[in-house]
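What follows is the residue order along each chain.
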Amino acid sequence: MLKRLAVFSMVVIFVGVAFAEDPPQLEPTIADVEAFDVVGLSYGGPDVMEKIPMLWAGLMERREEIEAIDNAGTAYGITIMAHDTESHEDFQYVAGYKVLETENVPEDMAIVRIDAGKYAVFTHHGLLATIGQTIGYIYGVWAQTNGEYELRDAPQFEWYGEKFNPMGEDSQMEIYIPVSEKAAEYFESAFEAVFGDFIAKRVPVNSEAVGGIANVPVGLIENAPDVRPLDIRQKL
């Protein structure tokens, strides 16, 4: 299964596949990932369409050089990129394996530490040709509209397990997006942005005059209809 990765890279899909007109509607699971290490081959620079598939091919050929692989049936593709620049020098992609220890790593191989943290985990179903739709939805829709989580500065990674088959319509692989819970200030600022002008008109009033409620907004008083309390005794 892993040899099939030689013909595939998530980075290639990022560049080569346009967002679909009808992106998939995906809901991620939120996972607290424990820290782990990945050892493999890395590349950072231009010509990703050509270089990244070669990276995976080279990894397959040198797999036996990597010691203490945690799970021989899985592989990881890790994207490390600065968010405030488009320079090729700030982009790095690592194709590798999760390892139990990082001693005796070949000098020309990379060691990437994935720190413990919260991730939104999206499962891509189907052919690799449609994975651009999934990526487009994650960053173009979900990241912009979900109300609970925001992106955080950490590596994104792909996990290729036993259900991965790049040529199969029943293929599955997972995309891990680093996130953090939005701070309470975010909700407060959003609330103020919507209701700020209304709240600003709030003035103290006689609590007894309004049934025990203090600080009723002026707008409620000025625009209130002329309604008198109903004496329910009239109905009896």
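For the structure, see preceding data.
All values derive from a computational prediction rather than experimental measurement.

(A) The arrangement of the pairing of strand β2 (residues 36-43) in detail. With respect to burial, β2 is a largely interior element, seven of its eight residues being buried. Summarising the sheet, β2 and strand β5 (residues 110-114) pair through five bridges and their orientation is antiparallel. Looking at the pairing, Val 39 lines up with Ile 111 of β5.

(B) Highlighting the environment of Tyr 160. For Tyr 160, the position within the fold is in strand β8 (residues 156-160). In this structure the C-alpha to C-alpha distance between Tyr 160 and Glu 174, which are 14 residues apart in sequence, comes to 6.8 Å. Polar side-chain contacts of Tyr 160 include one of 2.6 Å to the side chain of Glu 158.

(C) Examining the environment of Ala 57 more closely. Structurally, Ala 57 is set in helix α2 (residues 48-61). What makes Ala 57 partly exposed here is its relative accessible area of 28%. Residues Ala 57 and Ala 95, 38 residues apart in the sequence, show an inter-C-alpha distance of 9.7 Å.

(D) Spatial organisation of the pattern of salt bridges. Taken as a whole and judged by the stated rule, the model has six salt bridges. Through salt bridges that share partners, Arg 62, Glu 65 and Asp 108 make up one connected network.

(E) Spatial organisation of the pairing of strand β3 (residues 75-81). Counting buried positions along β3 gives five out of seven residues, so the element sits mostly inside the fold. Bridge count between β3 and β8: five bridges; the pairing is antiparallel. From the neighbouring strand, Gly 77 faces β8, where its bridge partner is Glu 158.

Basis of the calculations
- Numbering of residues begins from 1 in every chain and follows the order in which that chain's sequence is written.
- In view of the model being predicted, local features appear only for residues whose pLDDT reaches at least 70, and side-chain atom pairs are presented and counted only at 80 or more, with totals across whole chains, interfaces and linings using the full set of residues.
- With hydrogens and water stripped out, all remaining heavy atoms of the structure feed into the side-chain values.
- Only protein chains enter the accessibility calculation, which uses a 1.4 Å probe. A residue is then buried if its area is under 20% of the maximum for its type, exposed if over 50%, and partly exposed in between.
- The helix count covers DSSP runs of H or I at least four residues long, the strand count covers runs of E at least two residues long, and both are numbered beginning at the N terminus.
- When DSSP locates at least two bridges between a pair of strands, those strands are taken to pair.
- Here a polar contact is recorded for every N or O atom pair within 3.5 Å, except that within protein the pair must consist of a potential hydrogen donor and a potential acceptor, and residues adjacent in sequence are included only if both atoms are side-chain atoms.
- The salt bridge criterion pairs a side-chain nitrogen of Lys or Arg with a carboxyl oxygen of Asp or Glu, the two atoms within 4 Å.

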